[in-house]
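Now for the letters of each chain:
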Amino acid sequence: MPSKGRDERRPHGELVADVLAVLWESGRPMTTLEVNAALDRGLARTTMATILTRLLEKGTLRRVPAGRGFAYEPVEDAPGLVASRMRRELEGEPHRDLVLKRFVSSLSENDEETLRRLLLEVEDDSG
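In this text, all values refer to a predicted model and were calculated from it rather than measured experimentally. (Residues numbered from 1 in each chain as written. Predicted model: local features only at pLDDT ≥ 70, side-chain atom pairs only at ≥ 80, totals over all residues. Heavy atoms only, no water.)

A.B. asks: Could you clarify how one ought to interpret the overall build of the chain in this entry?
C.D. replies: A tally of regular secondary structure across the chain gives 6 helices and 3 strands. Its helices and strands taken in sequence order, the chain reads α-β-α-α-β-β-α-α-α from the N to the C terminus. Per-residue burial over the chain gives 20% buried out of 127 residues. A sequence separation of at least 24 residues applies to 38% of the contacts in the chain between residues at least 6 apart. (Helix = DSSP H or I, 4+ residues; strand = E, 2+ residues; numbered from the N terminus. Buried < 20%, exposed > 50% of the residue type's maximum accessible area, 1.4 Å probe, protein only. Contact = heavy atoms within 4.5 Å.)

Right, here's the structure in full:
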């Protein structure tokens, strides 16, 4: 059987995004076989198990008992996952003020206004 060229393969990040999309859409924990069937990409069971295990190890998924195995569910919804990534990046940065300044200065007017409104909402909720 001829081997596939590297450019014929789906990028790993895209496959992970598709797996997460399936789990978010389902709204319930899913087994490896269920996720694989929902993706319908003909992936080996071991490939799917590896992807789910890596997401579990990163803290993106949690697993719950399901029969004699496990089912997986996202720890956060899509916006929560992005927010967590942003927070981790910021926490690892020694010049947080500069990162935040550059981030804010790169926002569109709509995003800047949304951020101002959200900051005021958080301030009102805590005070």
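Once you've had a look at it, read on.
A.B. asks: Just checking my understanding: could you explain the sheet that holds strand β3 (residues 69-74) for this structure?
C.D. replies: Sheets are built from strands paired through backbone hydrogen bonds, the pairs being either parallel or antiparallel. Across the sheet, 3 strands lie side by side as β1-β3-β2; this open sheet has antiparallel pairing. A strand with exactly one partner marks an edge of an open sheet, and here the two such strands are β1 (30-31) and β2 (61-66). In this sheet, β3 lies alongside β2 in antiparallel orientation, the contact comprising 6 bridges. The residue bridging Val 64 from the neighbouring strand is Ala 71, located in β3. (Pairing = 2+ DSSP bridges.)

A.B. asks: Explain the pattern of salt bridges here, please?
C.D. replies: Oppositely charged side chains are able to pair whenever their charged atoms sit close together. Tallied over the full model, the rule gives 5 salt bridges. A salt bridge links Asp 18 to Arg 41; its shortest N-O distance comes to 3.2 Å. Residue Asp 18 is located in helix α1 (residues 12-26), and its partner Arg 41 is located in the loop between α2 (32-39) and α3 (45-57); the two are separated by 23 residues in the primary sequence. Owing to a relative accessible area of 39%, Arg 41 belongs among the partly exposed residues under this scheme. We note a salt bridge from Arg 117 to Glu 121, for which the minimum N-O separation is 3.0 Å. Of this pair, Arg 117 and Glu 121 both sit in helix α6 (residues 109-126), separated by 4 residues, roughly a single helical turn. (Salt bridge = Lys/Arg side-chain N within 4 Å of Asp/Glu carboxyl O.)

A.B. asks: What should I look at first to understand a nonpolar patch on the surface in this one?
C.D. replies: On the surface, a cluster of nonpolar side chains totalling about 320 Å² of accessible area is made up of Val 82, Met 86, Phe 103 and Val 104. Elements supplying a minimum of two residues to the nonpolar patch: α4 (78-91) and α5 (96-105). Note that Val 82 resides in helix α4. (Patch = residues over 30% accessible without salt bridge, like charges linked within 9 Å, V, L, I, M, F, W, Y side chains within 5 Å. Areas by Shrake-Rupley, 256 points an atom, 1.4 Å probe, with all protein chains shown as cover.)

A.B. asks: What is the right way to look at a positive patch on the surface in this model?
C.D. replies: A surface patch of like charges, here positive, comprises Arg 54, Lys 58, Arg 85, Arg 87 and Arg 88. Counting residues per element, the positive patch draws most heavily on α4, which supplies 3 residues. Looking at where Arg 85 falls in the secondary structure, it is placed in helix α4. According to the relative accessible area criterion, Arg 85 is partly exposed, its value standing at 44%. (Lys, Arg positive; Asp, Glu negative; His and termini not counted. Charge placed at Lys NZ, Arg CZ, Asp CG, Glu CD.)

A.B. asks: How should I be thinking about the packing of aromatic side chains in this particular structure?
C.D. replies: Ring pairs (aromatic) are described by centroid distance and by the angle formed between their planes. Inspection of every chain in the model, using the stated rule, returns 0 aromatic pairs. Directly above the aromatic system of Phe 70 lies the positively charged group of Arg 63, at a separation of 4.0 Å from the ring centroid. (Phe/Tyr/Trp six-rings, centres within 6.5 Å; stacked < 30°, edge-to-face > 60°. Lys NZ or Arg CZ within 6 Å of the ring centre and 35° of its normal.)

Geometric descriptors of this kind do not, in isolation, establish any biological role.
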